[in-house]
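If you want the building blocks of each chain, they are given just below.
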Amino acid sequence: MHYISTRGGIQPIAFKDAVMMGLATDGGLLLPEAYPQVSRQQLEEWRSLSYQELAFHIISGFVDDIPPADLKDLINRSYATFSHPEITPVVKHDGVYILELFHGVTLAFKDVALQFLGNLFEYILAERNEQLNIIGATSGDTGSAAIHGVRGKKGINIFILHPHGKTSPVQALQMTTVTDANVHNIAVSGTFDDCQDIVKALFNDLEFKKKYSLGAVNSINWARVLAQVVYYFYAWLRVTDEDERKVSFSVPTGNFGDIFAGYVAKKMGLPIDKLLLATNENNILTRFVNDGDYSLSDVVSTASPSMDIQLASNFERYLFYLYNQDSARVRGAFTQLKEQGRITFSSEEMARVQADFASASVDQAQTLETIGSFNRETGYILDPHTAVGVRAALDLLPADIARVCLATAHPAKFGEAVEKATSAATPIPPGIAALHGKPTRCDLMDADLEQVKDFFIKHIV
Ligand SMILES: Cc1ncc(COP(=O)(O)O)c(C=O)c1O
Ligand SMILES: N[C@@H](CCOP(=O)(O)O)C(=O)O
């Protein structure tokens, strides 16, 4: 399997090279040249597999430059760190299935991909005898999951930019209490979009990227998306039987990586009815799906801070398919966005968008109300991001088709919002309780590319 860029400017490359390249060198995002197709019979055969076995079958369809035994070992080691034997279990409450993606070390869905990516980086670096300097942007969860995915790994430095004061206190502590010499947290006076812009600018400086061996942990890295495809299959296999096969997924969305993984699963043949794209007040993607209005506005702070994003980086991957793999049109769309602050779509394109996706924007009051009512009715505590998806599912998805809501984080990461919504304290897992009072390290700087660059160069060990 080889990988190409949405912008059409690179020769096809192998999987390991795609992992190391992160952002494509032409500024685009990498995608596989084709998608392995999964038949109905194959799906039935996969019902009895463990998460790890299923992950191996799905991931190996996209990887032909790692020996199967090594890939199996990478997968098994990645999921050995999870606290639940099923890795991503599914529970049912109030007529919806909840796909719990928060049983990893940092209690968010990012662990599913970043434990794997950390091991993959280590494997490739050892093979090539190389070093890697990771630079990533986070609105709260990718940062800690990435830090915990690579800490202690040889030949890796990691620099994570987060918007100062805009993550939850627990998210900030999960990052800043890791004071290892090779881990650097940078709090940027700005938004997540500012952080992501700086990271992309560093990757687009090809001389800098090469000189300092930059690596990507954000979902611009194809391996992130790939590892997330697995749980769509896993959940589908848990909630269907041979007669009942249709499933819709509700996905709380920010950077469009998670829902794009669902789109990939659908492209591979997984019978998905609707992908429901749920946003908070930062609803550019909802405006796009419902009204064809993809126009930028300012990022606002909400009760689901990890989704406080305007410019979703993976949207480019979807555009590539919406434009029938026409890279020139993708490039044109980004020129239009830069010049006019919006991308426009034809009615034929919007009909295709609406065939794949439904969307709803859930505001803060609705989010807190959903956490409260769901808790009163079922005893289950939703985190605010998950609540956005659950509310959208209850409002928009028909109950006669299985509705799976992705639970992207543990509620204890957002204790303040959850407490406000339920009038009760959230039970705190031991990993989080232990964070309080630990020494922290973090550098504050402006949303300024040169400042970040200087800091990066000075701190490479
Ligand atoms: C808890 C949580 N939910 C949902 C999202 C949105 O996911 P994505 O950025 O892949 O759309 C994020 C951030 O990525 C998150 O951290
Ligand atoms: N919500 C994310 C934002 C970054 O998304 P990514 O999937 O591209 O890493 C976060 O928690 O950092």
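The shown structure was predicted, so the numbers you read here are calculated from the model rather than taken from an experiment.

### Some remarks on the overall build of the protein
When its secondary structure is counted, the protein shows 20 helices and 16 strands. With respect to the principal axes defined by its C-alpha atoms, the protein has extents near 55 × 50 × 50 Å. When burial is assessed residue by residue, the protein has 62% of its 461 residues classed as buried. Across the protein, the fraction of contacts at a sequence separation of at least 24, relative to all contacts at a separation of at least 6, is 75%. Put simply, the protein shows about 16600 Å² of open surface, and 49% of that area lies on carbon and sulfur atoms. Between the mean site of the 40 positive side-chain charges and the mean site of the 54 negative ones, the protein shows a separation of 3 Å.

### Considerations on the site of ligand 2
Of all residues adjacent to ligand 2, which total 13 residues, the nearest are Thr138, Asp141, Thr142, Ser219 and Arg224. Between an oxygen atom of ligand 2 and a side-chain N or O atom of threonine 142, the distance comes to 2.6 Å. One nitrogen or oxygen atom from the main chain of serine 306 is found 2.9 Å from a nitrogen atom belonging to ligand 2. Alone, ligand 2 offers 340 Å² of accessible surface; in the complex the protein occludes 95% of this. Broken down by class, the residue content of the shell around ligand 2 amounts to two nonpolar, eight polar and three charged.

### Topic: the site of ligand 1
Lining the immediate environment of ligand 1, one finds 15 residues, of which Lys110, Asp141, Gly254, Asn255 and Thr408 sit closest. The backbone of glycine 257 places a nitrogen or oxygen atom 3.2 Å from an oxygen atom of ligand 1. Residues belonging to the shell around ligand 1 are distributed by class as follows: five nonpolar, seven polar and three charged.

### Here's the deal with the sheet that holds strand 9 (residues 214-215)
A sheet is described by the order of its strands in space; here five strands give the open sequence 9-6-7-8-16, paired in parallel fashion. The sheet terminates laterally at strand 9 and strand 16 (443-446), the two strands that pair on one side only. In the sheet, strand 6 (residues 132-137) pairs with strand 7 (residues 156-163) via six bridges, with the strands oriented parallel. When the bridges of strand 7 are listed, leucine 132 appears paired with isoleucine 156.

### Overview of the pattern of salt bridges
For the structure on display, the rule yields 18 salt bridges. We note a salt bridge from arginine 329 to glutamate 349, for which the minimum N-O separation is 2.8 Å. One end of the pair, arginine 329, is in helix 14 (residues 327-340); the other, glutamate 349, is in helix 15 (residues 347-356), and 20 residues separate them in sequence. Taken together, the shared-partner salt bridges in this structure form one network comprising Glu44, Arg47 and Arg245.

### Here we look at the packing of helix 10 (residues 222-239) against helix 11 (residues 257-267)
Where helix 10 meets helix 11, the axes come as close as 8 Å, and the angle between the chain directions of the two elements is 65°. The crossing of helix 10 and helix 11 is right-handed. Along its contact with helix 10, which presents Trp222, Val225, Gln228, Val229, Tyr231, Tyr232 and Phe233, the element helix 11 presents Gly257, Asp258, Ile259, Phe260, Ala261, Gly262, Val264 and Ala265. Classifying every residue of the contact of helix 10 with helix 11 by side-chain character gives eleven nonpolar, three polar and one charged.

### What to know about helix 15
Given 3.6 residues per turn, any residue in an α-helix points the same way as the ones three and four places further on. Among all positions of helix 15, only Glu349, Met350, Val353 and Asp356 are buried. In a view along the axis of helix 15, the buried residues occupy a sector of 120°, so they form one face of it. Contact partners of the buried residues in helix 15: helix 11, strand 11 (272-279), helix 12 (284-291), helix 13 (315-322), helix 14 and strand 14 (357-361).

### Observations regarding the UniProt feature "domain: Tryptophan synthase beta chain-like PALP" (unreviewed entry) in the protein
UniProt annotation of "domain: Tryptophan synthase beta chain-like PALP" (unreviewed entry) refers to residues 91-324 when read in the numbering used here. Secondary structure content for residues 91-324 is 43% helix and 20% strand, and the end C-alpha separation is 37 Å.

### Description of the sheet that holds strand 3 (residues 30-32)
Judged by pairing direction, the sheet is antiparallel, and its three strands sit side by side in the order 2-1-3 without closing on themselves. Since the sheet does not close on itself, it has two edges, and those belong to strand 2 (13-14) and strand 3, each with one partner. As defined by bridge partners, strand 1 (residues 2-5) adjoins strand 2 across two bridges and the pair is classed as antiparallel. Across the sheet, residue histidine 2 finds its bridge partner in strand 2, namely alanine 14. The strands touched by helix 13 within the sheet are strand 1 and strand 3, with strand 3 carrying the most contacts at an inclination of about 50°.

### Some thoughts on the nonpolar core
Ranked by size, the top nonpolar core spans 115 residues in total, and within it Trp222, Phe233, Phe249 and Phe260 carry the most contacts. Residue contributions to this core peak at 15 residues, all from helix 10.

### Overview of unusual backbone geometry
The residue isoleucine 87 is not glycine, and still its phi comes out positive at about 65°. Within the secondary structure layout, isoleucine 87 lies in the loop between helix 4 (68-79) and strand 4 (90-93). Residue asparagine 324 is not a glycine yet carries a positive backbone phi of 50°. Topologically, asparagine 324 is positioned in the loop between helix 13 and helix 14.

### Remarks on helix 17 (residues 384-396)
For helix 17, which comprises 13 residues, the first-to-last C-alpha distance of 18 Å matches the rise-based estimate of 18 Å (1.5 Å per residue) to within 8%. The buried fraction of helix 17 is high, at ten of 13 residues. Looking at helix 17, one finds that the buried residues are Pro384, His385, Thr386, Ala387, Val388, Gly389, Val390, Arg391, Ala392 and Ala393.

### Quick word on the pairing of strand 4
The two faces of a sheet get side chains in turn, since along a regular strand they alternate between them. Two strands pair when backbone bridges link them, and strand 4 and strand 5 (residues 96-100) are joined in this way by four bridges, in the antiparallel orientation. Bridge pairing in strand 5 links valine 90 to leucine 99. Counted along the chain from strand 4 to the antiparallel partner strand 5, the turn is two residues long, and its residue aspartate 94 has a positive phi close to 50°.

The rules behind the values
- Residues numbered from 1 in each chain as written.
- Chains lettered and ligands numbered in written order.
- Predicted model: local features only at pLDDT ≥ 70, side-chain atom pairs only at ≥ 80, totals over all residues.
- Heavy atoms only, no water.
- Helix = DSSP H or I, 4+ residues; strand = E, 2+ residues; numbered from the N terminus.
- Buried < 20%, exposed > 50% of the residue type's maximum accessible area, 1.4 Å probe, protein only.
- Contact = heavy atoms within 4.5 Å.
- Areas by Shrake-Rupley, 256 points an atom, 1.4 Å probe, with all protein chains shown as cover.
- Lys, Arg positive; Asp, Glu negative; His and termini not counted.
- Charge placed at Lys NZ, Arg CZ, Asp CG, Glu CD.
- Near = heavy atom within 4 Å.
- Polar contact = N/O pair within 3.5 Å; in protein donor to acceptor, adjacent residues only side chain to side chain.
- Nonpolar A, V, L, I, M, F, W, Y, C, P; charged D, E, K, R; others polar.
- Pairing = 2+ DSSP bridges.
- Salt bridge = Lys/Arg side-chain N within 4 Å of Asp/Glu carboxyl O.
- Axes fitted to C-alpha atoms, helices over the stretch in contact; angles between N-to-C directions.
- Left-handed = near helix turned anticlockwise from the far one by under 90°.
- Arc of directions from axis to C-beta.
- UniProt positions renumbered as here; feature names shortened; annotations may be inferred.
- Core = buried A, V, L, I, M, F, W, Y, C linked by side-chain atoms within 4.5 Å.
- Expected span 1.5 Å × (residues − 1).

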